[in-house]
Amino acid sequence: MENKIYYFTGTGNSLRAALKIGRYINNCTLISMKSSPDDNSAEHCDVVGFVFPVYHWTMPEPAAEFVQRLKINPNAYVFCVAMPSIICGEACEKLEQILKSKGINLSYGTKVNNVANYVTVYPPMPSPKIVIPRTEKQLEKIGKEISDRIIRKIPRANAMIRAKIASMKKYKGIQNVADYGFKISNSCVSCGVCSRVCPVNNIELINSKPHFKHKCAQCMACVSYCPKNAIGYKLIDKDFEKMNVNPNDYRIAKIMGIPKGRKPYHHPYVSASDMSKDIIDI
């Protein structure tokens, strides 16, 4: 039978994880969650995996919507790997709930801490030179466990994190329109890389310049993979008016921006070409 790993990625961490794990699974194909779930069913798969980052301490909404629409073999060995910077929150639990509603059992779940890459709020941290070698070894261990069909309980949020998750919800509510803050500089050469790497197809070129369609996941792929560093970020009062929100209610959003000289991050083993693909055969 065929085997598939579905991944959602912004700066390449989750794609790298899917690639590493996929090498331990025979006849494995990687499917980007920016593709159509209707065209990439898991109905006939023996092993089905989901790899995704953690946004607002939960599973990214576009990834959750993809899984909700996906057809899955109820007898498959299903695993998930969440890729937070520090806090996994309810990410794996969210996936488990979706799968249970479809009559699917989640056999294996774990998390791998990565470089924090939300560059509109903070610089990449901890140092990729420290984090990446550690995650590479961890992913090899996870790949071997999945190859052996190990059963592993998913990580769950503790009481303190659950109490704080509510504070994330209002920011999650404006996430898709927060792309008003992206500003394109004169350095843009109309190469279209930003459009191709966007995991939610939120960017199109109009008059040779990137245009944001307000269904953003705030993944930072466009910023991180732009070859000319031509995409900056700063929300101004007029942007909040367009977003139809009161900036005083969103204090973090008021200070979001990319200071001059801040270096964006993407996984060093994942290229813009890799990010542009919908399907990767291992």
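Let me begin by describing the structure that accompanies this report.

Procedures and definitions
- Residues numbered from 1 in each chain as written.
- Predicted model: local features only at pLDDT ≥ 70, side-chain atom pairs only at ≥ 80, totals over all residues.
- Heavy atoms only, no water.
- Phe/Tyr/Trp six-rings, centres within 6.5 Å; stacked < 30°, edge-to-face > 60°.
- Helix = DSSP H or I, 4+ residues; strand = E, 2+ residues; numbered from the N terminus.
- Buried < 20%, exposed > 50% of the residue type's maximum accessible area, 1.4 Å probe, protein only.
- Lys NZ or Arg CZ within 6 Å of the ring centre and 35° of its normal.
- Core = buried A, V, L, I, M, F, W, Y, C linked by side-chain atoms within 4.5 Å.
- Contact = heavy atoms within 4.5 Å.

**Here's the deal with the packing of aromatic side chains**
Step number 1: Here the structure, examined in full by the defined rule, presents seven aromatic pairs.
Step number 2: On the basis of an interplanar angle of 50° and a centroid distance of 5.5 Å, the ring pair of tyrosine 6 and phenylalanine 66 is categorised as tilted. Within this pair, whereas tyrosine 6 is found in strand β1 (residues 2–7), its partner phenylalanine 66 is found in helix α2 (residues 61–69), the two being separated by 60 residues in sequence.
Step number 3: On the accessibility criterion, tyrosine 6 (0% relative accessible area) is buried.
Step number 4: When the centroid spacing of 5.0 Å and the interplanar angle of 80° are considered together, the rings of phenylalanine 182 and tyrosine 233 count as edge-to-face. Taken as a pair, phenylalanine 182 in strand β6 (residues 182–184) and tyrosine 233 in strand β9 (residues 231–233) lie far apart in primary sequence, 51 residues in all.
Step number 5: Residue class for tyrosine 233 comes out buried when judged on its relative accessible area of 3%.
Step number 6: Between lysine 170 and the ring centre of tyrosine 250, over which it is positioned, the NZ or CZ distance is 5.6 Å.

**Some words on the nonpolar core**
Across soluble globular proteins, nonpolar side chains have a tendency to be buried as a group.
Step number 1: Within the largest apolar cluster, 89 residues are counted, with the highest numbers of intra-cluster contacts made by Phe50 and Phe79.
Step number 2: In terms of residue count, the dominant contributor to this core is strand β4 (residues 77–83) (seven residues).
Step number 3: In contact with phenylalanine 50, other than residues within four places in its own chain, are Tyr6, Met33, Val67, Leu70, Ile72, Val78, Phe79, Cys80, Val81, Leu95 and Leu99.
Step number 4: Residues Trp57, Ala157, Ile165 and Met168 belong to the second largest nonpolar core, which totals five residues.

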